[in-house]
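# Fold and contact review
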Amino acid sequence: MNVFERLQSGEKIDIRDEDYQREAHGEMDRCRQLCYEINSTPPKDKERIVELENELLDGQMKDGTFFTPPFQVDLANCLKLGKNVFANHGLTVMSLGGIEIEDGVMLGPEVGLFTVNHEPENIRVLMTKKIHIKKNAWIGARVNILPGVTIGENAIVGTASVVTKDVPDNAVVVGNPARIVKYIGQEKTDGKQS
């Protein structure tokens, strides 16, 4: 198994590990260079931006999927995208633990997706957990999603929320830490949420 598979299977790896240094840092260098090129491309040259995004993300920028520069993806080989995914500017993706974003997801400005943490007893040791964002979820501006979280289908995460736990389908969550305030489609009764 490569270091990405090892980490995504739950193994903890020291950042000084030779395989980690070679494999992860090689992909990070590739991604940093491509993100630099994308972020330096004039906005009017959308065709060139899409071409570079496809190079970064192995052809996944299709059927309406687009990331608005500037953005930063550290390990594009650990990111799986569906169709018609839109990310506004300022996206930060730390995807070592694996991130799956399904069809129709919208990400507001300055969203952060973080799959990596460090062992408290030895901060040089990495541990990861996958993030999964299901179909048609809407992630508001400046939301941070932490390792291991699944965002349900059609869920909405309110601006500046910090998501530490799974969000059910059709739930609306807000706050730090994010908490459920209602469900989409919920009927009002006597002026109160039922």
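The structure under discussion appears in the preceding block.
The text that follows walks through the structure, step by step, so that each part is easy to find. Computed from a prediction, not measured in an experiment: that's the story for all the values here.

## Side note on the packing of aromatic side chains
Applying the stated rule across the entire model yields one aromatic pair. Here the aromatic rings of F67 and F71 are separated by 5.5 Å at their centres, their planes lie at 90°, and the arrangement is edge-to-face. We note that F67, like F71, is buried. Across the ring face of F66, the terminal group of K46 is positioned such that the distance to the ring centre comes to 4.8 Å.

## Focus: the environment of I99
The topology assignment puts I99 in strand β7 (residues 99–101). The class of I99 is buried, set by a relative accessible area of 2%. As a C-alpha pair, I99 and N154 span 55 residues in sequence and 18 Å in three-dimensional space.

## Side note on the packing of helix α2 (residues 18–40) against helix α3 (residues 46–56)
Running from N to C, α2 and α3 cross one another at 170°; their axes reach a closest spacing of 9 Å. Judged by the angle between their axes, α2 and α3 are roughly antiparallel. Taken together, the residues of α3 that come into contact with α2 (itself represented by R30, C31, L34, C35, E37 and I38) are R48, I49, L52, E53, E55 and L56. Its residues assigned to classes, the contact of α2 with α3 comprises seven nonpolar, no polar and five charged.

## Some words on the environment of K130
For K130, the location among the structural elements is in the loop between β11 (122–128) and β12 (131–133). Accessibility expressed as a relative area gives 41% for K130, which makes it partly exposed. K130 sits 122 residues away from Q8 along the chain, and the two C-alpha atoms are 7.2 Å apart. When sequence neighbours within four positions are dropped, the list of residues in contact with K130 reads G97, G98, E100, P147, G148 and V149. Reaching out from K130, the side chain makes a polar contact with the side chain of E100 at a distance of 3.2 Å.

Definitions and limits used
Residues numbered from 1 in each chain as written. Predicted model: local features only at pLDDT ≥ 70, side-chain atom pairs only at ≥ 80, totals over all residues. Heavy atoms only, no water. Phe/Tyr/Trp six-rings, centres within 6.5 Å; stacked < 30°, edge-to-face > 60°. Buried < 20%, exposed > 50% of the residue type's maximum accessible area, 1.4 Å probe, protein only. Lys NZ or Arg CZ within 6 Å of the ring centre and 35° of its normal. Helix = DSSP H or I, 4+ residues; strand = E, 2+ residues; numbered from the N terminus. Axes fitted to C-alpha atoms, helices over the stretch in contact; angles between N-to-C directions. Parallel < 35°, antiparallel > 145°, perpendicular 65-115°, else oblique. Contact = heavy atoms within 4.5 Å. Nonpolar A, V, L, I, M, F, W, Y, C, P; charged D, E, K, R; others polar. Polar contact = N/O pair within 3.5 Å; in protein donor to acceptor, adjacent residues only side chain to side chain.

Just distances and angles here, no functional claims.
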